[in-house]
Amino acid sequence: MPISDRNAPVLTAAEMRAAEAAVIAGGVPEYALMQRAGKAAAEIIWRAGAKRETLVLCGPGNNGGDGYVIAKALRDYGVPVKVAALADPVTESARQARAEWGGAVEGFFHVETHFAQVVDALFGTGLTRGLEGEVAARLVQLVEASERSYAIDIPSGISTDDGMPLSAVPHFDLCIALGQWKRAHMLRPATGHWRRKHLCDIGIPAPDATLFRLERPRLSPPADDAHKYTRGLVAAVAGEMPGASALAAEAAARGGAGYVRLIGVQSVNRTSHAIVRASMKNEAALSDPRIRALLIGPGLGRGEAGAERLGQALVHSHPVVLDADALWHLAEGAMAALPENAILTPHAGEFAQIFANLSGLDISGTVIELAVTAAQSSGAVVVLKGPTTVVAGPDGRAVVADAAPSWLSTAGTGDVLAGLCAARLAVTGDPFRAAAEAVWLHGEAARLAGPAFLADDLLPYIPAAIAACL
Ligand SMILES: NC(=O)C1=CN([C@@H]2O[C@H](COP(=O)(O)OP(=O)(O)OC[C@H]3O[C@@H](n4cnc5c(N)ncnc54)[C@H](O)[C@@H]3O)[C@@H](O)[C@H]2O)[C@H](O)CC1
Ligand SMILES: [K+]
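Residues numbered from 1 in each chain as written. Chains lettered and ligands numbered in written order. Predicted model: local features only at pLDDT ≥ 70, side-chain atom pairs only at ≥ 80, totals over all residues. Heavy atoms only, no water.

## Some words on the sheet that holds strand β6 (residues 148-152)
The condition that has to hold: For two strands to count as paired, DSSP must find a minimum of two bridges between them. Secondary structure counts use DSSP, requiring at least four H or I residues in a row for a helix and at least two E residues in a row for a strand, with both numbered from the N terminus.
Ordered in space as β4-β3-β2-β5-β6-β7-β9, the 7 strands form an open sheet in which the pairing is parallel. Among the strands making up the open sheet, the edge pair consists of β4 (106-107) and β9 (194-200). With 5 bridges joining them, strand β2 (residues 54-58) and strand β3 (residues 81-85) adopt parallel strand pairing. Note that in β3 the partner of C58 across the bridge is A85.

## Quick word on the UniProt feature "binding site: K(+)" (unreviewed entry) in the chain
Put simply, the rule is: UniProt positions are given in the numbering used here, feature names are shortened, and annotations may be inferred rather than shown by experiment. Burial status follows relative accessibility: with a 1.4 Å probe on protein chains alone, a residue under 20% of its type maximum counts as buried, one over 50% as exposed, and anything between as partly exposed. Note on contacts: a residue pair is in contact if any heavy atoms of the two residues lie within 4.5 Å. Here a polar contact is taken to be a pair of N or O atoms separated by no more than 3.5 Å, where protein atoms must pair a possible hydrogen donor with a possible acceptor and residues adjacent in sequence count only if both atoms sit in side chains.
The UniProt record annotates "binding site: K(+)" (unreviewed entry) at N63, D120 and S156. Annotated residues spanning 94 residues; largest pairwise C-alpha distance 9.5 Å, indicating a single compact cluster. Mapped onto the elements, N63 comes out in helix α3 (residues 62-76). Its relative accessible area of 8% is what places N63 among the buried residues. Excluding anything up to four places from it in sequence, N63 contacts D120, A121, L122, F123, G124, I152 and D153. If you trace the backbone, S156 turns up in the loop between β6 and β7 (172-178). Discounting residues that sit within four places of it in the chain, S156 has contacts with D120, L122, F123, L131, L139 and V169. Reaching out from S156, the side chain makes a polar contact with the backbone nitrogen of F123 at a distance of 3.0 Å.

## As for the domain arrangement of the chain
Put simply, the rule reads: Residue ranges labeled as domains rest on an automatic or database domain assignment. By buried area we mean the combined loss of accessible area, with a 1.4 Å probe, across both parts when two parts are placed together. Salt bridges are counted wherever a side-chain nitrogen of Lys or Arg sits within 4 Å of a carboxyl oxygen of Asp or Glu. Each residue gets one label: Ala, Val, Leu, Ile, Met, Phe, Trp, Tyr, Cys and Pro are nonpolar, Asp, Glu, Lys and Arg are charged, and the others, such as Gly, are polar.
In terms of domain boundaries, the chain breaks down into domain 1 (10-210) and domain 2 (228-467). On a C-alpha basis, the centres of domain 1 and domain 2 stand 41 Å from each other. With 10 residues of domain 1 in contact, the opposing surface of domain 2 contributes 11 residues. Taken over both partners, the interface formed by domain 1 and domain 2 buries close to 810 Å², and the fraction arising from carbon and sulfur atoms is 58%. Inspection of the region where domain 1 meets domain 2 yields 2 salt bridges. Ionic pairing is found between D402 and K197, a salt bridge with its closest N-O pair at 2.4 Å. Counting across the domain 1 and domain 2 interface gives 3 residue pairs in polar contact (both at pLDDT 80 or more). Looking at the side of domain 1 that touches domain 2 residue by residue, the classes come out as 3 nonpolar, 2 polar and 5 charged.

## Structural notes on the coordination of the potassium ion (ligand 2)
In ideal tetrahedral geometry, four donors around a metal make angles of 109.5 degrees, whereas ideal octahedral geometry with six donors gives angles of 90 or 180 degrees. Heads up, the rule is: Keep in mind that water is not among the atoms, so a site may look incomplete; donors are the N, O and S atoms within 2.8 Å of the metal, or 3.2 Å for Na, K and Ca.
The coordination sphere of the potassium ion (ligand 2), as far as protein atoms go, consists of N63 (OD1), D120 (O), F123 (O), I152 (O) and I154 (O), spread over 2.6 to 3.0 Å. When the donors of the potassium ion (ligand 2) are listed by position in the chain, the intervening gaps give N-x56-D-x2-F-x28-I-x1-I. A residue pair is termed long-range when its members are at least 10 positions apart, and D120 in strand β5 (residues 117-121) and I154 in the loop between β6 and β7 qualify at 34 residues. Pair check on accessibility: D120 and I154 agree, each one buried.

## Some points on the site of ligand 1
The condition that has to hold: Residue proximity to a molecule or strand is established when one non-hydrogen atom of the residue lies within 4 Å of it. Every accessible area reported is derived by Shrake-Rupley at a probe size of 1.4 Å, with residue values counting cover from the shown protein chains alone.
Taken together, 23 residues are adjacent to ligand 1, and D66, G124, R129, D153 and I204 come closest. At a separation of 2.8 Å, an oxygen atom of ligand 1 approaches a polar backbone atom of N62. Residue D66 places a side-chain N or O atom 2.3 Å away from an oxygen atom belonging to ligand 1. In isolation ligand 1 has 880 Å² of accessible area, and contact with the protein removes 84% of it. For the shell around ligand 1, the elements supplying multiple residues, two or more each, are α1 (13-25), α2 (30-49) and α3. If one sorts the elements of the shell around ligand 1 by residue count, α3 sits on top with 3 residues.

See below:
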């Protein structure tokens, strides 16, 4: 189940083949799908490149078949086109496409090197190993010599399921994904191999999937009769570095919570007056049954005092967001004590530290497998933060955020994200939805803030990010 109909599925190569097979079983011939794919891609190339001379590189499989369809369609638009093939077609559909192209087919190594545009239709989701050395080198040479380049479905040499290059892979202007997004379209390092990506709809319906692309969520304004408690009370527990918990608390307040209580902070300078402070000694402040989300970790400290505060805070079983130093304190025992609705927000280093200690857990694979395995083993929603952030739920669902600005890689932005997670958890009561909304709002606030911001600068952009979702 996607979290909303805006979230497109992200498939493995096997899932893509199954989705394609279902359409073919429903009566659409494979060749008709290839025609749709090739024509849709050709239209995009035509719009981008008009009548620039174009070289289409065709491989032996159906990716190459798409290439022949593209070449024919571009020729029909009046574009000067040449085709160079690495090998003869090995599938029936590709043979048919080549026959319909009907024009000359040059040798991959013999065709001249300089073209205004190059289209890579050598290999797609059927890639089983890296390209041979000279083949990869020639592809890089042809693409680098061109003014514009297009990768059909996936750049040749990129592994579909993990986004890893299996041989030298050039950088393209545009990656044209066919039918549905595949994992490599979301994962580094693959995503560094194109400037833009575009998904072509070729009539392959979204299959049942567990992984989705994070898209702009739909949020609702508070109900007409809302008051601060119905909108959600967030309790943020401070620690050794009060600035971090203050930042997280402010993000929670701007992220939609009705009431934010900051507990256990001594120095109060520079925190909004709307955030209510309470002492750790005031037990009622933490045990308050109206608390809809507890936030602990930013600035907590790694010493005894931090561990003690964490223990005190978890005792009440509030839905919780655990970040930073709280994750550091999270040993196997504490993990078992997590309340039902918990969100963990580790970056890669924290992630390795927590989950490497869990016995019997195989932590390997892409950030997607890592986050999903961690969520399933901990029973919590895991937000694995990084250049590609993944939100995974214990039920196996995950969303991947592939487009956050790299300017977010600065101190304190994690505190802001944790605060947003707490706000959305308090508002929605659903940790998976909350984490996905928070990650999107965080990325949007960063986009709005522009370059070289401080984490504090994100705060005034959060309302505008929310406004984009109403
Ligand atoms: N998904 C869809 O709905 C549609 C996808 N189309 C396109 O088809 C490709 C996938 O085609 P497939 O034939 O399965 O695989 P490839 O063309 O990627 O290549 C398979 C071919 O190549 C051999 N091979 C694999 N790796 C290497 C290598 N390193 N060196 C040499 N040879 C290699 C392998 O043995 C096969 O013979 C998909 O990406 C779309 O572009 C269709 O158009 C229909 C709709
Ligand atoms: K390709």
